[in-house]
Amino acid sequence: MYFSKAFIPILKNNPAEAKIKSHQLMLRVGMIKQSSSGIYSWLPLGFKVMKKIEQIVREEQDRIGVQEMLMPTIQSSEIWKESGRYEDYGEEMLRIKDRQNREMLYGPTNEELVTEIFRSSIKSYKSLPQLLYHIQWKFRDELRPRFGIMRCREFYMKDAYSFDLNDDDASFSYNKFFLSYLRTFKRLDLSAIPMAADTGPIGGNLSHEFIILADTGESKIYTDKRIFEVDSNSTILDKNSLKKLRNEYENFYSVTDEKFNKNEFEQKVPEEFRLNTKGIEVGHIFYFGDKYSKPMNASVDFQGKKEFVKMGSYGIGVSRLVGAIIEAKYDDKNEIMKWPLSVSPYDCAIIPIINKNDSSNLEKSNKIFDYLKSNKVDPIIDDTDENISAKIKKFNLIGIPFQLIIGKKSEGDLFEFKEIGKETQKLTIEEITNQINKLKSN
Ligand code: 5CA
């Protein structure tokens, strides 16, 4: 791909309407465009990042045995009346009437719909557990959409649902998601901490929010700093190891402000370990037993008895994560972004120095492009006639982690190669390819 042909509408300056760095950067480098209040189009650069995040989220759901499906965005009000949430959800729910005057809605979440799907087919306890997920747009008519795609009205979410026979099995399912979330956020190069949280309109009395620290976050948190040291590297999926892992986290006081209790905080956390700060909620898991299965009559036969299934739900803000990664990685003072290679829109920027009447550097770039492509590296060539310092500044902002400069200094087989934030190296194209691919496989 040539930069001149890519749809990456870069702005000269930070847009005045954006208050936080992720919103500024996303508008500045043309990742998103507002279409109306709290509703955005995802332009190619932003869309590429979001799709890569989505794929990592998907792989980690598949790894714990959750089955992917797809439910619609538009739902019928009937099932929400059955659960009792049609009234409770209030003005955040976008209500629509179809041409037959039927009450429909744009789904803010899917507990009802998935329960309806479950109950219509699953009758025996032998089919349990059932773990299902989809990745789909949601709509919440937020009173004050803000910070770009961080708190918007239409957003992209991974939501999963678990169905079990009893509390013990349900807790096993919950803990599988707990582990899978730790792994997912780690692959996104984020340190997300599970914190006991309020369940709000989803309900139930057990939930954890996964939060990354950021001054611009909207969640207030109170935590024991030692929780950052817990080893989250486990991959074992058996009941006891998972319980142990969750316990290791729960041993440290770590809560959002709705759950905050000053006395408890001071009693449980020695002063030097107390941290009271702000964060961004990137995921939220809930256990709510039979809150939906009972009113909606979702049950299985077990030893001649009808048992309402025990349910949990598990959300990840896929679109919000794009902004959250920027909040975590962008140095706005120096205007330098560096995407984790796992989600970067491109792997490497090839930046030729282009002089008038001399296309040799561009030709060299084309050859390097083909070589990288055939070795599983995804590059972009900056074929524009901007000067080299303007090009580097631009790519520092876009955040592609590697820059390969093709100019006078690329003598013989050696090229100027730079990983953002590190020293420039002189390497052969084979060494460059190896370096990038090695990091990619991590
Ligand atoms: N049904 C449950 C779990 S699937 C649920 O809806 N949970 S939630 O309300 O906590 O949302 C899940 C995640 O979606 C949140 O952790 C957050 O990352 C993201 N999210 C929620 N509201 C918004 C919003 N207005 N804008 C962007 N992302 C949002």
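Draft legend 1. How the structure looks around the packing of aromatic side chains. Across all of its chains, the model carries 19 aromatic pairs by this definition. Plain terms: the ring middles of Phe178 and Phe210 are 5.6 Å apart, the flat faces sit at 65 degrees to each other, and that makes the pair edge-to-face. Pair noted here: Phe178 is in helix H6 (residues 167-187) and Phe210 is in strand E10 (residues 206-213), with a separation of 32 residues, a long-range link. Accessibility expressed as a relative area gives 1% for Phe178, which makes it buried. Seen from their ring centres, Tyr222 and Phe265 are 5.8 Å apart, and the 80 degrees between their planes marks the pair as edge-to-face. Here Tyr222 is found in strand E11 (residues 219-224), whereas its partner Phe265 is found in helix H8 (residues 262-268), with 43 residues between them in sequence. Taking the relative accessible area as the measure of exposure, Tyr222 reaches 12% and is therefore buried. Ring pairs connect the aromatic residues Phe178, Tyr181, Phe185, Phe210 and Tyr249, which therefore count as one cluster. Across the ring face of Phe3, the terminal group of Lys394 is positioned such that the distance to the ring centre comes to 3.9 Å.

Draft legend 2. Just the pattern of salt bridges, in detail. Using the criterion set out here, one finds 35 salt bridges in the structure. A salt bridge links Arg28 to Glu335; the shortest N-O distance between them is 3.1 Å. Placement of Arg28 in helix H1 (residues 21-28) and of Glu335 in the loop between helix H9 (318-329) and strand E17 (348-352) is noted, with a sequence separation of 307 residues between them. Judged by its relative accessible area of 6%, Arg28 falls in the buried class. Judged by relative accessible area, which is 23%, Glu335 ranks as partly exposed. For Asp189, the salt bridge goes to Lys329, with nearest N and O atoms at 3.1 Å. Of this pair, Asp189 sits in the loop between H6 and strand E9 (193-196) while Lys329 sits in helix H9; the two residues are 140 residues apart in sequence, bridging distant segments of the chain. Judged by its relative accessible area of 45%, Asp189 falls in the partly exposed class. What makes Lys329 partly exposed here is its relative accessible area of 24%. Within this structure, Glu59, Glu60, Arg63, Arg183 and Arg187 form a network of salt bridges that share partners.

Draft legend 3. Just the pairing of E17, in detail. The element E17 is largely enclosed, with a buried count of 5 among its 5 residues. Of the two faces of E17, both are covered, the one formed by Cys348, Ile350 and Pro352 as well as the one formed by Ala349 and Ile351. For the handedness criterion, the β-α-β arrangement of E17, helix H10 (residues 360-374) and strand E18 (residues 379-381) is classed as right-handed. Pairing of E17 with strand E19 (residues 402-406), which is carried by 5 bridges, proceeds in the parallel orientation.

Draft legend 4. Quick look at the sheet that holds strand E6 (residues 103-106). One open sheet holds the 3 strands; their spatial order is E4-E6-E5, and the pairing between them is antiparallel. Only two strands of the sheet have a single neighbouring strand rather than two, namely strand E4 (74-76) and strand E5 (94-97). Neighbour-to-neighbour, the strand axes of this sheet turn through a mean angle of 40 degrees, independent of strand direction. Looking at chain direction, E5 and E6 are connected through 4 bridges and run antiparallel. Its bridge partner lying in E6, Leu94 is registered against Tyr106.

Draft legend 5. Spatial organisation of the sheet that holds E17. Here we have 5 strands laid out as an open sheet, ordered E18-E17-E19-E20-E21, and mixed in their pairing. The sheet is open, and its two edges are formed by E18 and strand E21 (424-427), each paired on a single side. Ignoring strand direction, the axes of neighbouring strands in this sheet form an average angle of 25 degrees. Sitting on the sheet, helix H12 (residues 429-440) touches E17, E19, strand E20 (415-419) and E21, and the angle it makes with E20 is about 15 degrees.

Draft legend 6. Structural detail: the site of the ligand. Around the ligand, the surrounding shell holds 22 residues, and the nearest of these are Thr109, Glu111, Arg140, Cys152 and Glu281. In the model, an oxygen atom of the ligand is placed 3.5 Å from a nitrogen or oxygen of the Val282 main chain. In the environment of the ligand, an oxygen atom lies 3.4 Å from a nitrogen or oxygen atom belonging to the backbone of Gly317. Protein chains bury 95% of the 600 Å² of accessible surface belonging to the ligand in isolation. Listed by contribution, the elements that provide at least two residues to the shell around the ligand are strand E8 (154-164), strand E13 (274-289) and strand E16 (310-317). Element by element, the count of residues in the shell around the ligand is highest for E13, at 5 residues.

Draft legend 7. Examining helix H2 (residues 44-63) more closely. Between its first and last C-alpha, H2 extends 28 Å over 20 residues, near the 28 Å set by a 1.5 Å rise per residue. When H2 is considered as a whole, its buried residues turn out to be Leu45, Gly46, Val49, Met50, Ile53, Glu54, Ile56, Val57, Arg58, Glu60 and Gln61. Backbone geometry just downstream of H2 places Gly65 in the positive-phi region, at approximately 90 degrees.

Draft legend 8. Inspection of the environment of Phe288 at higher detail. For Phe288, the position within the fold is in strand E13. Those residues in contact with Phe288 that lie beyond four places of it in its chain are Glu111, Ile202, Gly203, Gly204, Met311, Gly312 and Ser313.

Draft legend 9. Focus on the nonpolar core. Membership of the largest hydrophobic core comes to 79 residues, with the highest contact counts inside it found for Ile53 and Phe185. When residues of this core are assigned to their parent elements, the largest contribution, 8 residues, is made by H6. Other than its neighbours up to four places away in sequence, Ile53 contacts Leu188, Val318, Leu321, Val322, Ile325 and Val343. Counting residues in hydrophobic clusters, the runner-up holds 25 residues, among them Trp80, Tyr89, Tyr161 and Met296.

Draft legend 10. Inspection of the domain arrangement of the protein chain at higher detail. By domain assignment, the protein chain separates into domain 1 (3-329) and domain 2 (348-441). A C-alpha centroid distance of 38 Å is found between domain 1 and domain 2. Between domain 1 and domain 2, the contact holds 10 residues from the first and 10 residues from the second. At the boundary of domain 1 with domain 2, total buried surface from both sides reaches about 800 Å², with 69% on carbon and sulfur atoms.

Here is what the cut-offs are and how they apply
- Residues numbered from 1 in each chain as written.
- Predicted model: local features only at pLDDT ≥ 70, side-chain atom pairs only at ≥ 80, totals over all residues.
- Heavy atoms only, no water.
- Phe/Tyr/Trp six-rings, centres within 6.5 Å; stacked < 30°, edge-to-face > 60°.
- Helix = DSSP H or I, 4+ residues; strand = E, 2+ residues; numbered from the N terminus.
- Buried < 20%, exposed > 50% of the residue type's maximum accessible area, 1.4 Å probe, protein only.
- Lys NZ or Arg CZ within 6 Å of the ring centre and 35° of its normal.
- Salt bridge = Lys/Arg side-chain N within 4 Å of Asp/Glu carboxyl O.
- Right-handed = clockwise from strand over helix to strand, strands pointing away.
- Pairing = 2+ DSSP bridges.
- Axes fitted to C-alpha atoms, helices over the stretch in contact; angles between N-to-C directions.
- Contact = heavy atoms within 4.5 Å.
- Near = heavy atom within 4 Å.
- Polar contact = N/O pair within 3.5 Å; in protein donor to acceptor, adjacent residues only side chain to side chain.
- Areas by Shrake-Rupley, 256 points an atom, 1.4 Å probe, with all protein chains shown as cover.
- Expected span 1.5 Å × (residues − 1).
- Core = buried A, V, L, I, M, F, W, Y, C linked by side-chain atoms within 4.5 Å.
- Domains from an automatic or database assignment.
- Buried area = accessible area lost by both parts, 1.4 Å probe.

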